[in-house]
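Overview (structure and organization)
One-letter residues, chain by chain:
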Amino acid sequence: MFSHITLGSNDIARARAFYAPDRAAVAAFYAAALAHGGSDEGAPGLRPHYHLHYYAAFVRDPDGNKLQAVCHHDTDDRAG
């Protein structure tokens, strides 16, 4: 579902980002995290202060690690 993992920049030791192929995958990540004991740190949505198409969700896992799923595409209507 995700192509790779990268470290976040505001808390290197505890932040992780998952690059999602589309916005639906961001929502699925968020729902699955909450269903498995994660806590909300930011519901799926646009974060235009990062860039115009930055669509992300943030959660904390049960161990306290902050996780993010992000999609950089402008819509889910991409070809291929």
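Throughout, residues of each chain are indexed from 1 in the direction in which the sequence is written. With the structure being a predicted model, the display of local features is reserved for residues of pLDDT at least 70 and the display and counting of side-chain atom pairs for 80 or more, all residues being used for whole-chain, interface and lining totals. Heavy atoms from the whole structure form the basis of all side-chain values; hydrogens and water molecules are not counted.

**Details of the confidence of the model for the protein chain**
One number per residue, pLDDT, summarises how confident the predictor is, and it ranges from 0 to 100. On average, residues of the protein chain score 81 in pLDDT, and 72% of them are at 70 or above. Think of it this way: any DSSP run of H or I at least four residues long counts as a helix, any run of E at least two long counts as a strand, and we number them from the N terminus. The secondary-structure element of the protein chain with the lowest mean pLDDT is strand S1 (residues 5-7), recorded at 45, while strand S3 (residues 39-46) shows the highest, at 96. For the stretch residues 1-9, pLDDT sits under 50, and the model shows 26 contacts to residues farther than four places along the chain or on other chains. We call two residues in contact whenever any of their non-hydrogen atoms come within 4.5 Å of each other.

**Considering helix H1 (residues 23-35)**
Its 13 residues place the ends of H1 19 Å apart at the C-alpha level, agreeing with the 18 Å of an ideal helix rising 1.5 Å per residue. Think of it in three bands: with a 1.4 Å probe and only protein chains considered, a residue is buried below 20% of the maximum accessible area for its type, exposed above 50%, and partly exposed in between. Where H1 is concerned, the buried positions are Arg-23, Ala-25, Val-26, Phe-29, Tyr-30 and Ala-33. Projected onto a plane normal to the axis of H1, the buried residues spread over an arc of 160° and lie on a single side. What qualifies as a polar contact is a pair of N or O atoms within 3.5 Å, subject to a donor-acceptor requirement within protein and to the restriction that residues adjacent in sequence count only when both atoms come from side chains. You can read the cap of H1 off the contacts: a side-chain oxygen lies 3.2 Å from the backbone nitrogen of Ala-24, and it is on Asp-22. Take the residue count of a helix, subtract one, and multiply by 1.5 Å to get its expected span. In this description, the arc belongs to the directions extending from the helix axis to the C-beta atoms.

**Describing the side chain of Arg-23**
Along the chain, the position of Arg-23 falls in helix H1. For Arg-23, a relative accessible area of 17% corresponds to the buried category. A distance of 2.9 Å separates a polar atom in the side chain of Arg-23 from the backbone oxygen of Asp-74.

**Some details on the packing of aromatic side chains**
Side-chain rings of Phe, Tyr and Trp, where Trp is taken by its six-membered ring, are said to pair if the distance between their centres is within 6.5 Å; with planes under 30 degrees apart they count as stacked, over 60 as edge-to-face, and otherwise as tilted. Inspection of every chain in the model, using the stated rule, returns one aromatic pair. Ring centres of Tyr-50 and Tyr-54 lie 4.6 Å apart, and the angle between their planes is 45°; this geometry places the pair in the tilted category. You can call Tyr-50 partly exposed: its relative accessible area is 47%.

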